[in-house]
Amino acid sequence: MKLNVSLKATKLKNVAGAFKGKSDPFAVVTLLANNREAKPQILGKTEVIKNSLDPDWVTTFTIDYELGKPVNILVKIFDEVSKGENKSMGSAVFDIGAILGSKGSTKAKRMKDGKGTLFVRVEEVKSDGRKLKLKMSGLKLKNLDGFFNKSDPFYELMKKDHGLRGSEWNVVHRSSYIKDNLNPNWDLEYIDLGILCGGNLDEIFILSVYDHESSGKHELMGQFETSVNGLIQAKQSPGIPLMRKGKVRGTIAIHVAEVIGANDEEEEVSVLAQSMSNVRLDPSAPPLPQPIPLNKPTFADYVRGGCEISLCVAIDFTGSNGDPRQPGSLHYIHPDGQLNDYEKAISAIGSILANFDSDKKFPVMGFGARYGGVVRHCFQCGPKEEVDGVQGILDAYRQTFQSGLTMSGPTVFTEVIETAAARAQSSQETAKKMGKQKYTILLILTDGAVSDVDATARCLDAIDESPLSIVIVGIGRANFDSMQFLDDQAGDIDIAQFVEFEKHKYNSTSLTSATLDEIPNQLERYFQRNGIMPNPPIEVEEDEIVVQAEEEEIDLTIDFSDNGNVVVGKGNGVFVPSGAY
């Protein structure tokens with residue numbers, strides 16, 4: 001999926017110097033390397049906000065994101081210096097997955113040494129390539145600059161987002177300003193519909209006109225609400241009144257307003273929608289069926305609507321793992337803190353999925369061990385039914401070896417699968433009653449093939465309508481051919497994924513990508529199969545956002561060439577994500 005990254009900062013430290021006013025901040029965004037073979041990549045820089053210590057930048061950055069592939073960005077803020085070197089104002093590193101999974105898809109970090117707070121927000125880009133081709137002019141705008149000067153008008157387009165302050169209007173496009181002109185004729189613009197209105201031509205946005213001030217304190221000249229279709233229709237009118245404090249402050253004339261880049265099918269749909277807009281049905285007529293959206297809901301839509309992704313872990317304690325007290329066995333706990341392969345898989349996969357679970361409480365189960373002479377194929381690991389965070393999973397795993405178990409066999413998955421499916425179904429039903437949504441991922445870690453392939457396949461077939469995905473990771477070097485068979489053949493609805501850890505032993509990103517790449521589609525298919533649409537995006541007030549503590553600045557220098565281009569300077573820009581091994 002493609003995500004738009006937007007930035008704002010508050011309470012920046014002024015570095016302009018004595019008697020030089022306030023700083024003129026801009027931000028540079030760098031995609032960090034997650035291994036030493038890769039190199040950091042400059043994504044670009046924002047516009048400069050003059051004389052402001054609370055900048056809200058319009059420029060956004062598009063990033064490719066896949067569940068399972070850690071993506072981290074470095075945001076560095078600078079004060080623009082026209083003659084001399086730009087001054088650093090602070091920086092912070094953000095995990096894109098953590099932002100997407102957070103409430104309101106927004107994260108905030110306090111920069112080191114009291115340099116202010118940086119907010120980063122992500123939103124899925126739903127662009128089909130269409131753009132709004134727009135040319136406008138102002139007519140007889142009211143002058144705000146006194147008798148001897150004229151205003152310098154520019155316009156902004158603001159769309160409604162659910163973000164930092166609940167429902168808020170955020171600037172998505174800003175024109176250049178026309179100096180000393182009350183009848184400005186602005187340039188022809190091409191505006192991405194995905195960014196402006198999510199592709200919905202009837203989505204309301206605000207068009208505001210400001211008088212540009214070099215101090216950065218631009219004065220509102222007037223505004224109005226409209227939509228893409230509203231602008232298109234306004235071409236046939238003398239213009240749209242520009243309003244301020246209930247009074248007309250001029251007129252905005254629409255010379256060009258058309259959607260370009262749409263294919264014939266989309267144009268036909270738009271024409272059909274417009275032709276049906278005035279149709280009225282008899283109240284006694286049966287209701288029309290709910291139309292299928294042209295753009296199906298996505299994983300990001302469900303997550304932004306508050307869908308929780310719950311992780312459930314099941315660990316193989318069969319005897320074929322070897323004596324856990326012996327170095328070299330699969331369950332050996334290293335005294336120096338080094339992780340064994342079970343722990344590496346738990347840490348890598350769990351760290352990513354934890355981003356999408358607000359309470360981060362996870363059940364941990366074991367199978368294949370004997371207690372009191374009885375082989376148990378599903379038992380609780382650790383003293384708690386649910387543990388706290390990924391570290392809690394690791395602790396429960398280690399505590400199991402002190403619980404009096406005898407590692408045994410055979411390898412049977414059916415009980416943990418049935419338990420996880422029942423838990424997933426119950427969790428979703430409970431969430432549904434509260435107007436929420438919940439989806440579960442069962443992570444099974446095993447050192448060998450299941451003893452009864454047919455029984456396991458029947459079990460998967462029986463529970464494949466549950467809000468559940470199953471990820472099976474094979475640990476060690478056993479023959480896992482039958483496990484691959486389960487991944488490829490089980491049921492009409494594919495909910496299982498099998499991955500051999502050995503093939504990704506030295507690359508945690510490769511492991512998480514292979515294990516989690518099917519999860520978004522499986523989640524989408526479950527909810528859409530059951531006619532469940534995403535909830536509206538969660539609204540979050542700014543004071544609800546937990547501002548993370550300051551952190552050490554990363555070893556990466558940003559340089560500026562003579563022509564204004566941004567380049568990576570000293571430092572390797574390697575960032576080790578949480579859970580990486």
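Structure: above.
Caption draft 1: Expanded view of the sheet that holds strand S5 (residues 72–79). Spatially, S3-S2-S5-S6 is the arrangement adopted by the 4 strands of the open sheet, whose pairing is antiparallel. Where the open sheet ends on each side, the last strands, each with one partner, are strand S3 (41–45) and strand S6 (87–95). Going across the sheet, the axis of each strand differs from the next one's by a mean of 20°, ignoring polarity.

Caption draft 2: Looking closely at the pattern of salt bridges. Evaluated as defined, the whole model comprises 18 salt bridges. Several salt bridges converge on common partners, so that one network encompasses Arg121, Glu123, Lys159 and Arg304.

Caption draft 3: Representation of the side chain of Thr30 within the structure. Mapping Thr30 onto the fold places it in strand S2 (residues 25–31). Looking at Thr30, the relative accessible area reads 0%, which means it is buried. Apart from the residues within four sequence positions on either side, Thr30 is in contact with Pro40, Gln41, Ile42, Leu43, Asn72, Ile73, Leu74, Leu556 and Ile558.

Caption draft 4: Spatial organisation of unusual backbone geometry. Here the amide bond leading from Gly409 into Pro410 is cis, since omega sits at 0°, within 30 degrees of zero. One can find Pro410 in the loop between strand S24 (406–407) and helix H8 (414–433). With phi around 55°, Lys11 is a residue other than glycine that occupies positive phi space. Secondary-structure assignment places Lys11 in the loop between strand S1 (2–10) and S2. The class of Lys11 is exposed, set by a relative accessible area of 69%.

Thresholds applied
- Residues numbered from 1 in each chain as written.
- Predicted model: local features only at pLDDT ≥ 70, side-chain atom pairs only at ≥ 80, totals over all residues.
- Heavy atoms only, no water.
- Pairing = 2+ DSSP bridges.
- Helix = DSSP H or I, 4+ residues; strand = E, 2+ residues; numbered from the N terminus.
- Axes fitted to C-alpha atoms, helices over the stretch in contact; angles between N-to-C directions.
- Salt bridge = Lys/Arg side-chain N within 4 Å of Asp/Glu carboxyl O.
- Buried < 20%, exposed > 50% of the residue type's maximum accessible area, 1.4 Å probe, protein only.
- Contact = heavy atoms within 4.5 Å.

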